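Single-letter residue listing:
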Amino acid sequence: QEELVESGGGLVRAGDSLTLSCAASGGALSTSAMAWFRQAPGKEREFVGGITRIGSFTFNADSVKGRFTIQRDDEKKAIHLLMNSLKPEDTAIYSCAAGTGVPMTGPRAFPCWGQGTQVTVSS
């Protein structure tokens, strides 16, 4: 049984930085890939960034390239999403996921999900 718990969300202003964390248990960190997705009310869930277990290859959505960075922390059994230069359009519920990562950008490739953490960016 796997469990993912996100934390670090909150209310920030445009241009601010925020770091989200996803604590993993039950072997979730040992899956082939872990990723961050986000979903705004009434919108489709979209891929934000992901990282592979082997090689620690990272992938980022075009919308966040240069602003967001995903990191794995094996010591703390967690992954983090470092968000910089936040924009109001980044407002969404951010969820951590674990799975095959094939495809990395596809939600269905990640059967294990956290409950999500809210990120709100004011203008």
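Shown above is the structure to which this text applies.
Residues numbered from 1 in each chain as written. Predicted model: local features only at pLDDT ≥ 70, side-chain atom pairs only at ≥ 80, totals over all residues. Heavy atoms only, no water.

Student: So what about the overall build of the chain? Which residues, and what values?
Tutor: Helix and strand counts for the chain stand at zero helices and 11 strands. In sequence order, the secondary structure elements of the chain are arranged as β-β-β-β-β-β-β-β-β-β-β. A globule of 123 residues ought to have a C-alpha radius of gyration of about 14 Å, and the chain, at 13 Å, matches this closely. For the chain, the C-alpha atoms occupy an extent of roughly 40 × 30 × 25 Å along the three principal directions. (Helix = DSSP H or I, 4+ residues; strand = E, 2+ residues; numbered from the N terminus. Rg over C-alpha atoms; globule rule 2.2 N^0.38 Å.)

Student: I'd like a description of the environment of G114, backed by residues and values.
Tutor: On the secondary structure map, G114 appears in the loop between strand 10 (112–113) and strand 11 (117–122). In this structure, the C-alpha to C-alpha distance between G114 and A14, residues 100 residues apart in sequence, is 26 Å. Once you skip the residues sitting within four places of it in the chain, G114 turns out to touch L4, E6 and C96. (Contact = heavy atoms within 4.5 Å.)

Student: Break down the state of the cysteines for me, citing the residues and quoting the values.
Tutor: Scanning all chains against the criterion turns up one disulfide. Free cysteine: C112, not disulfide-bonded; nearest cysteine sulfur from C96 at 8.0 Å. (Disulfide = S-S within 2.5 Å.)

Student: So what's going on with the pattern of salt bridges? Residues and values would help.
Tutor: The final tally for this structure, using the stated rule, is four salt bridges. Close ionic contact of E46 with R38 constitutes a salt bridge, the shortest N to O distance being 2.8 Å. With relative accessibility at 36%, the residue E46 sits in the partly exposed group. The residue D90 makes a salt bridge to R38 at a minimum N-O spacing of 2.9 Å. Of this pair, D90 sits in the loop between strand 8 (78–83) and strand 9 (92–99) while R38 is found in strand 4 (residues 33–39), placing the two residues 52 residues apart along the sequence. A relative accessible area of 0% means that D90 is categorised as buried. Taken together, the shared-partner salt bridges in this structure form one network comprising R38, E46, R67 and D90. (Salt bridge = Lys/Arg side-chain N within 4 Å of Asp/Glu carboxyl O. Buried < 20%, exposed > 50% of the residue type's maximum accessible area, 1.4 Å probe, protein only.)

Student: Now, about the pairing of strand 9: what can you tell me, with residues and values included?
Tutor: A large share of strand 9 lies buried, amounting to seven of its eight residues. As judged from the seven bridges shared by strand 4 and strand 9, these two strands associate in the antiparallel manner. Residue pairing in the sheet places Q39 in a bridge with I93 of strand 9. In the sheet, strand 9 pairs with strand 11 via three bridges, with the strands oriented antiparallel. Across the sheet, the residue bridging to Y94 is T117, located in strand 11. Sheet topology note: the strand 9/strand 10 ladder contains two bridges and is antiparallel. Bridged to A97 within strand 10 is W113. (Pairing = 2+ DSSP bridges.)

In short, the description is geometric, and any link to function would need to be established separately.
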